[in-house]
Amino acid sequence: MLNYKLTYFNMRGRGEIIRYLFAYSGIKYEDNRIEWADWPNIKPTIPFGKVPILEIDGVIIHQSLAIARYLAKENGVAGKTPLEQALVDAIVDTIDDFMSMFPWAEKDHDVKKRAFNDLLTNVAPGLLQDLENFLGNKNWLVGESVTWADFYWDVCSTTLLSLKSDLEDSNPKLWVLKRRVQALPAVAAWIQQRPKTSL
Ligand SMILES: CCC(=O)N1CCc2c(cnn2-c2cccc(F)c2)C1
C-alpha cells in the first residue's frame, strides 16, 4: 500500500479538498498540520516553497489542484469521460479563480477588509448565479454522480459562508447541492471529526 503524507497548515484553506478526497476514498494518510511558527524553517525544505504538498512514498507533489486531481482520478470522482473531466476542471478552476482573488495574506487589516467586502458583495453574486445556471436541475455539477467539483464547491462555499452568511439567501439550488455533498456518509464523518478552524 502507498504511504501518503499531506503537509499544510492547521486550516481548511487549500488543503481541505485533498482531505475530502482522502475521506471519500477511505485511504489512510498522515494529516501533517504545521504550525505558523515553524513555517520559516519548513519553507526552504519544500520544492517551490508552498503548501499543500502530498508525499506519495516519498515522491512530492505540489499545487493543491494537481494533488486533488490525482486523487480524484485514482478514486473515480474526476469525471467519467475526458469531456466530463474537462468540465470538472473548468468548474474547479472557476471556483479557484474566485477564491484566489482574496488577499489572504494581506497584513493591513483595513485594506484586507475592504478587498474582502468588495469581492463578497460585488463579485460573488455573479459567480454564484453562473454556477447555479450551470448546475440547473441536475443533482451534481458534472455528470450523473458526484465529482471533486462538487467537493470543491462545498469546501469553498463553507469558507465563503463563514465570511458572508447571507450568500445563502440566493441561488437555492447551490445550497441544496452543498447539503447533498455534506450528506455523503464519508464527507459527513470527516466534517464531524475534523479539527474546527475558522478558515
Ligand atoms: C493566510 C492564508 C489563509 O488565510 N488562507 C489560505 C487560502 C484560503 C483560506 C481559506 N480558503 N482559502 C482558499 C481555498 C481555496 C482556494 C484559494 F485560493 C484559497 C485561508
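Residues numbered from 1 in each chain as written. Predicted model: local features only at pLDDT ≥ 70, side-chain atom pairs only at ≥ 80, totals over all residues. Heavy atoms only, no water.

A.B. asks: Can you tell me about the overall build of the protein chain, naming the residues and giving the values?
C.D. replies: Helix and strand counts for the protein chain stand at 8 helices and 4 strands. Computed over C-alpha atoms, the radius of gyration of the protein chain comes to 17 Å, within 12% of the 16 Å expected from 2.2 N^0.38 for 199 residues, which places it in the range of a compact globule. Here the C-alpha coordinates of the protein chain stretch approximately 45 × 45 × 30 Å along the principal axes. Taken over 199 residues, the protein chain has a buried fraction of 42%. (Helix = DSSP H or I, 4+ residues; strand = E, 2+ residues; numbered from the N terminus. Rg over C-alpha atoms; globule rule 2.2 N^0.38 Å. Buried < 20%, exposed > 50% of the residue type's maximum accessible area, 1.4 Å probe, protein only.)

A.B. asks: Tell me about the UniProt feature "domain: GST N-terminal" (unreviewed entry) in the protein chain, and please be specific about residues and values.
C.D. replies: The UniProt entry lists residues 2-79 under the feature "domain: GST N-terminal" (unreviewed entry), expressed in the numbering used here. Secondary structure across residues 2-79 comprises 32% helix and 24% strand; the distance between its end C-alpha atoms is 23 Å. (UniProt positions renumbered as here; feature names shortened; annotations may be inferred.)

A.B. asks: Lay out the pattern of salt bridges in plain terms, naming residues and giving numbers.
C.D. replies: Per the stated rule, a full pass over the model turns up 8 salt bridges. K178 is the partner of D154 in a salt bridge, and the nearest nitrogen-oxygen pair spans 2.7 Å. In this pair, D154 is assigned in helix α6 (residues 148-163) and K178 in helix α7 (residues 172-182), connecting sequence segments 24 residues apart. Given the relative accessible area of 0%, D154 is considered buried. Within this structure, E16, R19, D31, R33 and R194 form a network of salt bridges that share partners. (Salt bridge = Lys/Arg side-chain N within 4 Å of Asp/Glu carboxyl O.)

A.B. asks: Lay out the site of the ligand with the relevant residues and their values.
C.D. replies: Every residue close to the ligand is listed here: Y8, M11, G13, R14, W36, D96, M99, S100, W104, Y152, T159 and L199. When the free accessible area of the ligand is taken as 450 Å², the share hidden by the protein chains comes to 89%. The set of elements that each furnish at least two residues to the shell around the ligand consists of α4 (82-99) and α6. Of the residues that constitute the shell around the ligand, the class distribution is 7 nonpolar, 3 polar and 2 charged. For the shell around the ligand, the domains that each give at least three residues are domain 1 (4-76 + 186-193) and domain 2 (82-183). (Near = heavy atom within 4 Å. Areas by Shrake-Rupley, 256 points an atom, 1.4 Å probe, with all protein chains shown as cover. Nonpolar A, V, L, I, M, F, W, Y, C, P; charged D, E, K, R; others polar. Domains from an automatic or database assignment.)

A.B. asks: Outline unusual backbone geometry, supporting the account with residue identities and numerical values.
C.D. replies: For residues that are not glycine, phi is negative in most cases, and the peptide bond is trans in most cases. The step from V51 to P52 runs through a cis peptide bond, and the omega angle for that step is 15 degrees. With respect to the secondary-structure elements, P52 resides in the loop between α2 (39-42) and β3 (53-56). You will see that D57, though not glycine, has its phi angle at about 45 degrees, which is positive. Tracing the sequence through the fold places D57 in the loop between β3 and β4 (59-62). The exposure class of D57 is partly exposed, given its relative accessible area of 46%. A positive phi angle, close to 75 degrees, is found at Q63, a residue other than glycine.

A.B. asks: An account of the UniProt feature "domain: GST C-terminal" (unreviewed entry) in the protein chain is needed here, citing residue identities and associated values.
C.D. replies: Per the UniProt annotation, the sites labelled "domain: GST C-terminal" (unreviewed entry) are residues 81-199. Its end C-alpha atoms 33 Å apart, residues 81-199 is made of 68% helix and 0% strand.

A.B. asks: Account for the pairing of β4, with residues named and values stated.
C.D. replies: Note that β3 and β4 share 4 bridges and pair antiparallel. Bridge assignment links L54 to a residue of β4, and that residue is I61. (Pairing = 2+ DSSP bridges.)

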